[in-house]
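Structural characterization, general
Chain by chain, the residues run as shown.
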Amino acid sequence: MGREVSDTCVNSLLIEMVSTYCDRFYSNKPELAARRIEAIGYQVGHQLSERYTMDRPRFTDHLEAIKFICKDFWSEIFKKQIDNLKTNHRGTFVLQDNRFHWLAHISLRLSADGSGLSQDASGLVENKPAQAASMHLYFPCGIIRGALTNLGIPCAVSADISSLPACEYSFQVSLFCPSCWLICGSDKGLR
C-alpha cells in the first residue's frame, strides 16, 4: 500500500501500550488489561482488512479468506507471509510464524519442565516475565480476530509461544454448509 510506518515505531507503540495498560490502567487486573489490548487489536485488524480488501471481490469460502490472511494481510503488516498454515479440515486452523518480530525483543526463562507459554482468555500466566510476554500476544490475536470477523469469519484466537520468537495462532471457525444443511466437520447436523 502507499502508507507505511516504521517497524521501530510500531514495536515501540506495542511495548508502550502493553506497559501502560498493565502497569498504569489495570495494574491489579491483568485480565482487564488483556481484554482491552485485544479489543484495540481487534479494531486495528478490522480496519486494516477493510482497507486491504477494498478492491477485491468477496471471498467465496473460509479457506480463501484464511489464505488471504496468511499471504497478503500478513505480508502487508509484517513484510513476510505466515510460515505455516495447518488445519484439521473441521474448522480448526493454526497459523505459525517462526520469527514473529514483535516478540523478538522478549526473552524468557522457561520453567524447569521446559514447557512454553500460552495465552488465552481463560487465564493468565503467573510469573511476571511470562505474563509480560503473554500480554504482547493479545494485540496480534486481536488483529487476526478483527480481520477474520470483517471477512465474515467470527472466531476466538489464542496464541502459543513455546520457543521465542516463534508463535502459533490458533482459532476455531464454524463451517456451515448451506447446500447440505450440516455443520461440516461435526457429527451433529440439521437434516
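Heads up: the structure comes first, above all this text.
What you see is a predicted model, and the numbers here were worked out from it, not measured in a lab. (Residues numbered from 1 in each chain as written. Predicted model: local features only at pLDDT ≥ 70, side-chain atom pairs only at ≥ 80, totals over all residues. Heavy atoms only, no water.)

What about the overall build of the protein chain?
- The number of helices and strands found in the protein chain is four helices and seven strands.
- Overall, the protein chain shows an N-to-C arrangement of helices and strands of α-α-α-β-β-β-α-β-β-β-β.
- Per-residue burial for the protein chain yields a buried fraction of 38% across its 191 residues.
- If you take every contact in the protein chain between residues at least 6 apart in sequence, the share linking residues at least 24 apart comes to 55%.
- Working note: accessible area of the protein chain is about 11,300 Å², and carbon and sulfur atoms make up 51% of it. (Helix = DSSP H or I, 4+ residues; strand = E, 2+ residues; numbered from the N terminus. Buried < 20%, exposed > 50% of the residue type's maximum accessible area, 1.4 Å probe, protein only. Contact = heavy atoms within 4.5 Å. Areas by Shrake-Rupley, 256 points an atom, 1.4 Å probe, with all protein chains shown as cover.)

Looking at the environment of R24
- With respect to the helices, strands and loops of the structure, R24 is situated in helix 1 (residues 7-25).
- With a relative accessible area of 61%, R24 lands in the exposed category.

Regarding the packing of aromatic side chains
- The full count for this structure, using the stated rule, is nine aromatic pairs.
- Pairing F78 with F100 gives two aromatic rings, centres 5.1 Å apart and planes at 65°, and the pair type is edge-to-face. In this pair, F78 sits in helix 3 (residues 62-78) while F100 sits in the loop between strand 2 (92-97) and strand 3 (117-119), placing the two residues 22 residues apart along the sequence. Across the pair, exposure class does not vary: F78 and F100 are buried alike.
- Ring centres of F100 and Y169 lie 5.7 Å apart, and the angle between their planes is 75°; this geometry places the pair in the edge-to-face category. Taken as a pair, F100 in the loop between strand 2 and strand 3 and Y169 in strand 5 (residues 167-172) lie far apart in primary sequence, 69 residues in all. (Phe/Tyr/Trp six-rings, centres within 6.5 Å; stacked < 30°, edge-to-face > 60°.)

Here we look at unusual backbone geometry
- Positive phi, normally seen in glycine, also occurs at K79, with a value near 65°.
- Position of K79 among the secondary structure elements: in the loop between helix 3 and strand 1 (84-87).
- A positive phi is found at H89, a non-glycine position, where the angle reads about 60°.

Considerations on the nonpolar core
- Counting residues in each nonpolar core, the largest one holds 45 residues, and the members touching the most others are I37, F73, L95, Y169 and F171.
- Where this core is concerned, the elements lending two or more residues are helix 1, helix 2 (30-52), helix 3, strand 2, helix 4 (128-150), strand 4 (156-161) and strand 5.
- With 10 residues, helix 4 is the largest single contributor of residues to this core.
- Beyond its immediate sequence surroundings of up to four residues, I37 is in contact with M17, V18, Y21, C22, M135, Y138 and F139. (Core = buried A, V, L, I, M, F, W, Y, C linked by side-chain atoms within 4.5 Å.)

Describing the packing of helix 2 against helix 3
- Here helix 2 crosses helix 3 at 100°, and the two axes come no closer than 11 Å. Comparing their axes, helix 3 and helix 2 come out roughly perpendicular. Of the residues in helix 3, those in contact with G45, L48, S49 and Y52 of helix 2 are F68, F73, E76 and I77.
- Tallied by class, residues from the contact of helix 2 with helix 3 come to five nonpolar, two polar and one charged. (Axes fitted to C-alpha atoms, helices over the stretch in contact; angles between N-to-C directions. Parallel < 35°, antiparallel > 145°, perpendicular 65-115°, else oblique. Nonpolar A, V, L, I, M, F, W, Y, C, P; charged D, E, K, R; others polar.)

Digging into the state of the cysteines
- This model, assessed by the stated rule, comprises zero disulfides.
- For C155, which is in no disulfide, the shortest distance to another cysteine sulfur is to C141 and amounts to 10.0 Å.
- When its relative accessible area of 12% is taken as the criterion, C155 is described as buried.
- For C167, which is in no disulfide, the shortest distance to another cysteine sulfur is to C141 and amounts to 6.9 Å. (Disulfide = S-S within 2.5 Å.)

Description of helix 2
- The end-to-end C-alpha distance of helix 2 is 32 Å, a good match for the 33 Å that 23 residues give at a rise of 1.5 Å each.
- For helix 2, the set of buried residues is A33, A34, I37, E38, G41, Y42, G45, L48, S49 and Y52. (Expected span 1.5 Å × (residues − 1).)

Scope: geometric values only; no functional claims are made or implied.
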